[in-house]
Amino acid sequence: TRGNNKRRIFSHASDYRAFIRYLWLALIDTGCLLHQLTLMVNHIHMIATVHSPCAPPMKTGGDFLRAWGGVASLELSLPIVWTGASARGIALERVAEWMCAAPARLAGFDGRKGSIAPGKDADLVVWNPEETFVVDEASLRQRHKRTPYAGRQLRGRVIATYARGRLVYGDTGV
């Protein structure tokens, strides 16, 4: 359900499981996911991340539906989306709306977050949208290094991140 309209998104648990399976496969195939985004560009309102990575042993066993959910790729989210969006002519302003402004509005934080304006928190990312890199699990700074994007070339390298004006990530260290 969402808000007061009590609308159910999935009518059965099997629908939800099928959707999650599709989404997981689409996440692994970034091109597939972003092709779908291109087709639905006027219907997409936001792209958000789920911060629920799990330890690699919790992903073993071969049963997709029983494996713990979560993909450890938060630090790659901007390059993942930008790689596909820019290749399909989707403007950076649209990506910023999807990944910054819309999630802030949904969470009720749009008075302080989601855009750059006087009086708002200085949550900023400094990045080079043209630079490409190959995802190397060993170079990731996240706790669990396994990612479905290992070995993929992505576009848009993050150089630094600021939270409320304070440097929290930078190429020369955290």
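Note that the structure is a prediction, hence the values are computed from the model and not measured.

### Things to note about the overall build of the chain
- What the chain contains, in helices and strands, is four helices and three strands.
- Seen in sequence order, the chain has helices and strands lined up from the N terminus as α-α-α-α-β-β-β.
- Within the chain, contacts between residues at least 6 apart in sequence are counted, and of these 57% link residues at least 24 apart.
- Carbon together with sulfur atoms contributes 58% to the accessible area of the chain, which is approximately 11400 Å² in total.

### Looking at the sheet that holds strand 1 (residues 124–134)
- Here three strands make up an open sheet; going across it, the order is 1-2-3 and the pairing antiparallel. Each edge of the open sheet is held by one strand with a lone partner, namely strand 1 and strand 3 (166–170). Adjacent strand axes in the sheet meet at a mean angle of 25°, parallel and antiparallel pairs treated alike.
- Direction of pairing for strand 2 (residues 153–163) relative to strand 3: antiparallel, over a ladder of four bridges.

### A look at the pattern of salt bridges
- Under the criterion given, the structure shown has seven salt bridges.
- A salt bridge links Arg155 to Glu130; the nearest nitrogen and oxygen atoms lie 2.4 Å apart. Residue Arg155 is found in strand 2, and its partner Glu130 is found in strand 1; the two are separated by 25 residues along the sequence.
- Each member of the salt-bridge network shares a partner with another, and the members are Arg112, Lys113, Asp121, Asp123 and Arg164.

### Thoughts on the confidence of the model for the chain
- Averaged over every residue, the pLDDT of the chain is 76; the share at 70 or more is 63%.
- Across the chain, the element-wise mean pLDDT spans from 54 in helix 1 (residues 13–28) up to 94 in strand 1.
- Ignoring residues within four places in sequence, the model shows residues 1–12, a span with pLDDT below 50, making seven contacts including any to other chains.

### Side note on helix 3 (residues 77–87)
- Counting buried residues along helix 3, nine of its 11 residues qualify, which places the element largely inside the surrounding structure.
- Of the positions making up helix 3, those classed as buried are Ser77, Leu78, Pro79, Ile80, Val81, Trp82, Gly84, Ala85 and Ser86.
- Gly89 lies just past helix 3 and shows a positive phi near 80°.

### Here's the deal with the pairing of strand 2
- As judged from the eight bridges shared by strand 1 and strand 2, these two strands associate in the antiparallel manner. By the bridge assignment for strand 2, Phe133 is matched with Leu154.

### A look at the environment of Gly170
- Within the secondary structure, Gly170 sits in strand 3.
- The buried category is assigned to Gly170, whose relative accessible area is 5%.
- Note: C-alpha distance between Gly170 and Ile159 (11 residues apart in sequence) is 5.9 Å.
- Contact partners of Gly170, with chain neighbours within four places excluded, come to Arg141, Ile159 and Ala160.

### Focus on the side chain of Ser86
- By secondary structure assignment, the location of Ser86 is in helix 3.
- Residue classification places Ser86 among the buried positions, given a relative accessible area of 16%.
- Looking at Ser86, its side chain comes within polar contact range of the main-chain oxygen of Trp82, at 2.7 Å.

### So, the environment of Cys54
- Here Cys54 lies in the loop between helix 2 (30–39) and helix 3.
- Each C-alpha atom of the pair Cys54 and Arg146 lies 9.5 Å from the other, and the pair is 92 residues apart in sequence.

Scoring rules and cut-offs
Residues numbered from 1 in each chain as written. Predicted model: local features only at pLDDT ≥ 70, side-chain atom pairs only at ≥ 80, totals over all residues. Heavy atoms only, no water. Helix = DSSP H or I, 4+ residues; strand = E, 2+ residues; numbered from the N terminus. Contact = heavy atoms within 4.5 Å. Areas by Shrake-Rupley, 256 points an atom, 1.4 Å probe, with all protein chains shown as cover. Pairing = 2+ DSSP bridges. Axes fitted to C-alpha atoms, helices over the stretch in contact; angles between N-to-C directions. Salt bridge = Lys/Arg side-chain N within 4 Å of Asp/Glu carboxyl O. pLDDT = per-residue confidence, 0-100. Buried < 20%, exposed > 50% of the residue type's maximum accessible area, 1.4 Å probe, protein only. Polar contact = N/O pair within 3.5 Å; in protein donor to acceptor, adjacent residues only side chain to side chain.

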